[in-house]
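# Coordinates in review
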2 protein chains.
Amino acid sequence: MNIGIVGLGLIGGSLALDLRALGHQIWGVSRQERTCQLAIERGVVDHASVNLKLLAKADVVFICTPIAAIAPTVQQLIPYLSRETILTDVGSVKQAVVEEVAPLWSNFVGGHPMSGTADSGIEAAQSNLFAGNPYVLTPVETTPSTAVKIVEEIVRSLTAQVYLCCPEEHDRAVAWISHLPVMVSANLIDACMSETEPAVLKLAQQLSSSGFRDTSRVGGGNPELGVMMARYNREALLRSLTTYRHNLDQLIKVVESQDWQVLDNKLQQTQLHRPEFFC
Amino acid sequence: MNIGIVGLGLIGGSLALDLRALGHQIWGVSRQERTCQLAIERGVVDHASVNLKLLAKADVVFICTPIAAIAPTVQQLIPYLSRETILTDVGSVKQAVVEEVAPLWSNFVGGHPMSGTADSGIEAAQSNLFAGNPYVLTPVETTPSTAVKIVEEIVRSLTAQVYLCCPEEHDRAVAWISHLPVMVSANLIDACMSETEPAVLKLAQQLSSSGFRDTSRVGGGNPELGVMMARYNREALLRSLTTYRHNLDQLIKVVESQDWQVLDNKLQQTQLHRPEFFC
C-alpha cells in the first residue's frame, strides 16, 4: 500500500518505521527540509518532501501534526488527493478534531495511538512503539465502513490493541485517566508552593520522597501538553474536574467531622477499585 | 548502651538490627510471644519478652508501636524506668504524640524515621533501612538538651539524615508531601469511579497507563494508614486540603474562562518548582 505520513516526529516517524518494515511504500512530509533528509538517511521513509503534493498517490494518509494543525493540514492536502484516499490522524483528543475534519473529507477516521516516550522528534522515532498498547479509532455515523476497516487492519498490523468508540466517549475516558490526573497533580505542586511559612516549605522539600514523587510527576510535565489537553478537551475535562471537586468537598467534610468509618470505607473502595484500571 | 525497643515490626526490628550491629545491647518487647522467639532466633535482639519489665535497665527506649498505642505504652512502661531513661518514638505524626507523652515523661524526644517498605512485621526487618533517609526529631521547650543530643547521636550512627524541628512544623510538612498526596490520589480514583456511563468507565480502565498509575498509586494504598494520617494529623491535613481546594477552584475557573495564558503560566510554575522537592 502507498501510505502517506504528514509530520515526521515521534509518532509519525515510528509509524513510518513499522509500516515500512511491513512492506508498505512510505511517503513522508515534514515542514522542515532537514527532517526530510534525516527521514531518508535513517530509512524511516521511502520518499520525503516539504510539499504535500508528494502524497498524490497515497491510499492512506496519517496526519501526525500537533492538534491545532490537523484541520488546516487536511484543507491544504485535499487538492492533491483522489476521492478514495483515506485520512486518519493521531491526535490525543477526538471530538474537536472529528467535528472539524469529517465535514472536509468523508473518508476520515479519527485515531489516537496511546503510545509515547518522554522524547520527541524524528530522532526519537522507534520500531514497535505501538505494540501491545491501546490504539483508539473513533468513526462516526458518516464514516464509510470500508475506510474504518482499512485503518483498523493497518493498526492491527502494528500489533496495537484496537478500541472502537465514538469521539465523545474517547474524550471522556481520556479526561479521566490522562487529563484529570495532570490537573490534579499540577494542583498538588501548586498548593504546596502556596505554603506561607518558608521553614515548613523548606522542610517539606527536604522530606519528600516516593509518594510525592509519583503523585506530582505528570503535573510537573510539559506545560504545552497540559494546555493542549484543557483547550481541546475542555468540556470533558471540566466534567471530570467538577466531579473531582464535588468528591473532594465530601472528603474534606468527612475529615472535618472526624467520621473515620466513612473515610475507612472510602479508602477501602479506592484500594479495591484501583486494580481495575490495570487489568 | 542498653537500648530497649517496644514493638518489633518493620521499623522496630530494623532499628534493632542496625543498633545491635553497632555494638549496643538490644532489649526487645513485643505483645506476641512468637515475635519474641523470632527476634531472638534471627539475631535481631539480644533479649526479648512480652513484659515491659525487661526494659528496666535500658538507657534509651524506642517506642515503635502504632500511633494510638504510643502514650498507653509509655504509661505502662513508666513504673519500670529509672529517671534518666530517655524515651523516643517513631510515629509518623508528632504534635498529637508529643502533647500526650511529654507531660508523662520529660526525658522524651519525638522522632520520625522516614523509611519504609511495602512490607511489615519482624520478617520485613532489614539492615540499613534508615541509611541516607530523613529522620526527623521534634524536641519541645521542655525537652532536656542532653536527651536530644543522645537520641541525635544514635540516629546519626544509622547514617540517617537528621532534621530537627518543632512537632507542628513536622506535621505541616508531612501533610504537604505525604498526607495530602494520599487524599488527592484517593480522590482521583473515587472521582473516576463516579463516572455514570458504564461504557466510558470501561474504556477509561482499558486505556489507563503510566500517568494514571503513578497519580493513583498512594490513593490505592493501605486504608488504615490513610485513616491514621487524617485522624492524628487532622489539623495540618485540613489546612493543606483547604489550600488545595482553593487552588483547584482557581484552576477550574481558568479552564472555564479559557484563559490559556494563565494556565500555561501555572503549568510552567509547577514544572519549574517540582524539582525543588527532589534536591
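Residues numbered from 1 in each chain as written. Chains lettered and ligands numbered in written order. Predicted model: local features only at pLDDT ≥ 70, side-chain atom pairs only at ≥ 80, totals over all residues. Heavy atoms only, no water.

## A short note on the overall build of chain A
Formally: Numbering of helices and strands runs from the N terminus, with a helix taken as a DSSP run of H or I at least four residues long and a strand as a DSSP run of E at least two residues long. Under the scheme applied here, a residue whose accessible area is under 20% of the maximum for its type counts as buried, over 50% as exposed, and between as partly exposed, the area being computed with a 1.4 Å probe on protein chains only. In this analysis, two residues are considered to be in contact whenever any of their non-hydrogen atoms come within 4.5 Å of each other. For every accessible area listed, the method is Shrake-Rupley and the probe measures 1.4 Å; residues are considered covered only by the protein chains on display. Only four residue types enter the tally: Lys and Arg on the positive side, Asp and Glu on the negative side; His and the chain ends are excluded. In plain terms, the charge of a residue is placed at NZ if it is Lys, CZ if Arg, CG if Asp and CD if Glu.
When its secondary structure is counted, chain A shows 11 helices and eight strands. Across its three principal directions, the C-alpha atoms of chain A cover 70 × 40 × 30 Å. For chain A, the proportion of its 279 residues judged to be buried stands at 56%. Considering only contacts in chain A between residues 6 or more positions apart, those separated by 24 or more positions represent 66%. Of the accessible surface of chain A, which amounts to about 11700 Å², a share of 48% is contributed by carbon and sulfur atoms. In chain A, which carries 21 positive and 28 negative side-chain charges, the distance between the mean positions of the two groups comes to 4 Å.

## Looking at the pattern of salt bridges
Spelled out, the test is: Any Lys or Arg side-chain nitrogen located within 4 Å of an Asp or Glu carboxyl oxygen qualifies as a salt bridge.
Scanning the entire structure with this criterion turns up 18 salt bridges over all chains. Between B:R239 and A:E195 there is a salt bridge whose closest N-O contact spans 2.9 Å. One end of the pair, B:R239, is in helix α10 (residues 234-256); the other, A:E195, is in the loop between α6 (167-193) and α7 (198-207), on a second chain. Beyond isolated ion pairs, a larger network of salt bridges with shared partners links A:E168, A:R172 and B:E197.

## Regarding the domain arrangement of chain A
Many authors give the size of an interface as the accessible area that is lost as the parts come together. Residues and elements named next belong to chain A. Our working definition: For the domain bounds, the source is a domain assignment made automatically or taken from a database. In this description, buried area is defined as the sum, over both parts, of the accessible area (probe of 1.4 Å) that is lost when the two are combined. Definition of a polar contact: a pair of N or O atoms within 3.5 Å, with one able to donate and the other able to accept a hydrogen when the atoms are protein atoms, and with sequence-neighbouring residues admitted only if both atoms are side-chain atoms. Just so you know the grouping, Ala, Val, Leu, Ile, Met, Phe, Trp, Tyr, Cys and Pro go in nonpolar, Asp, Glu, Lys and Arg go in charged, and all remaining residues, Gly too, go in polar.
Here the domain parsing of chain A yields domain 1 (2-165) and domain 2 (169-277). Taken together, the contact between domain 1 and domain 2 spans 12 residues of the former and nine residues of the latter. A buried area of about 840 Å², summed over both sides, lies between domain 1 and domain 2, and 69% of it is on carbon and sulfur atoms. Among the residues of domain 1 in contact with domain 2, I67, V93 and C165 are the three that bury the most area, contributing 43% of the side total. Seen at the junction of domain 1 and domain 2, the total is zero salt bridges. At the boundary of domain 1 with domain 2, the tally comes to three residue pairs in polar contact (both at pLDDT 80 or more). Elements represented by at least two residues in the side of domain 1 that touches domain 2 include exactly α3 (67-77), α4 (95-101) and β7 (134-138). Counted by class, the side of domain 1 that touches domain 2 contains seven nonpolar, four polar and one charged residues.

## With respect to the confidence of the model for chain A
We count it as follows: As a per-residue measure, pLDDT tells how confident the predictor is, with possible values from 0 to 100.
Averaged over all residues, the pLDDT of chain A is 97; the fraction at 70 or higher stands at 100%. Across the interface, the model reports ipTM at 0.93; the global pTM reads 0.93.

## As for the sheet that holds strand β1 (residues 2-6) of chain A
Residue and element names in this part refer to chain A. Rules: Strands qualify as paired when DSSP identifies two bridges or more between them. Lines fitted to C-alpha atoms define the axes, with helix axes restricted to the stretch in contact, and inter-axis angles between N-to-C directions lie between 0 and 180 degrees.
On the basis of which strands lie adjacent, the open sheet formed by eight strands has the order β3-β2-β1-β4-β5-β6-β7-β8 and mixed pairing. The sheet is open, and its two borders are formed by β3 (47-49) and β8 (161-164), each paired with just one other strand. Pairs of neighbouring strands in the sheet enclose a mean axial angle of 20°, with direction left out of account. Across four bridges, β7 lies against β8 in parallel orientation. From the neighbouring strand, P134 faces β8, where its bridge partner is Q161. Taken strand by strand, helix α1 (residues 10-21) contacts β1, β2 (25-29), β4 (60-63) and β6 (108-113), and its axis lies near 165° from that of β1.

## With respect to the interface of chain A and chain B
Taken residue by residue, the interface counts 86 residues in chain A and 87 residues in chain B. With both sides pooled, the region where chain A packs onto chain B buries about 8600 Å², and carbon together with sulfur makes up 68% of that total. When the buried surface of chain A facing chain B is broken down by residue, A:L207, A:R274 and A:F277 rank first, second and third, together holding 9% of it. For the interface between chain A and chain B, the tally reads 10 salt bridges. Seen at the junction of chain A and chain B, the total is 38 residue pairs in polar contact (both at pLDDT 80 or more).

## Details of the relation of the copies chain A and chain B
Test applied: Superposition of the copies used a least-squares fit over C-alpha atoms from residues whose pLDDT is at least 70 in both.
The operation relating chain A to chain B is a screw motion whose rotation component is 180°, with 0.0 Å of axial translation and a residual RMSD of 0.0 Å. Taken together, the turn and the small shift mark the pair as related by a two-fold rotation axis. No C-alpha of chain A approaches the rotation axis more nearly than that of A:T215, which lies at 2.2 Å. Residue by residue, 100% of the interface of chain A is reproduced at the interface of chain B, so both copies engage with the same surface.

## Things to note about unusual backbone geometry
For A:N128, which is not glycine, the phi dihedral falls at a positive 60°. By secondary structure assignment, the location of A:N128 is in the loop between β6 and β7. Within the chain, B:T159 stands out as a residue other than glycine whose phi angle is a positive 55°. Along the chain, the position of B:T159 falls in the loop between α5 (145-157) and β8 (161-164).

## As for the environment of A:E169
With respect to the secondary-structure elements, A:E169 resides in helix α6. On a C-alpha basis, the gap between A:E169 and A:T138 in space is 8.9 Å, while along the polypeptide they are 31 residues apart. Ignoring anything within four residues of it in the chain, the contact list for A:E169 reads B:A199, B:V200 and B:L203.

## Quick look at empty space enclosed by the protein
Just so we agree on the cut-off: Residues are called lining when one of their atoms sits within 4 Å of a cavity or pocket point, these points coming from a 1 Å grid over the protein atoms alone, where a cavity is a set in which a 1.4 Å probe fits but cannot get out and a pocket is an open set with protein on both sides within 12 Å along at least five of seven lines. Grid points are joined across faces, edges and corners, and a volume is the space filled by probe spheres set on the points.
Throughout the structure, instances matching the rule amount to one cavity of 30 Å³ or more. The space that makes up the largest cavity amounts to roughly 40 Å³. Where the lining of the largest cavity is concerned, the elements lending two or more residues are α6 of chain A together with α11 (260-273) of chain B. In terms of residue count, α6(A) provides more of the lining of the largest cavity than any other element does, four residues in total. Among the residues making up the lining of the largest cavity, the classes are represented as four nonpolar, two polar and two charged.

## Notes on the side chain of B:S30
Residue and element names in this part refer to chain B. Within the element layout of this structure, S30 appears in the loop between β2 (25-29) and α2 (33-41). Separated by 3.1 Å, the side chain of S30 and the backbone nitrogen of Q32 make a polar contact. With near-sequence residues (within four places) excluded, S30 lies in contact with L8, T35, C36, S49 and V50.

## Quick look at the nonpolar core
Which entries qualify depends on this criterion: Definition of nonpolar core: a set of buried residues of the types Ala, Val, Leu, Ile, Met, Phe, Trp, Tyr and Cys, connected through side-chain atoms within 4.5 Å.
In this structure, A:L55, A:L207, A:Y244, B:L55, B:L207, B:L241 and B:Y244 are the most contacted members of the largest nonpolar core, which totals 123 residues. Here A:L55 is in contact with A:G4, A:I5, A:V6, A:W27, A:V29, A:V61, A:L77 and A:L81, once residues within four sequence places are set aside. With 35 residues, the next largest nonpolar core counts B:L15, B:Y135, B:V148 and B:V155 among its residues.

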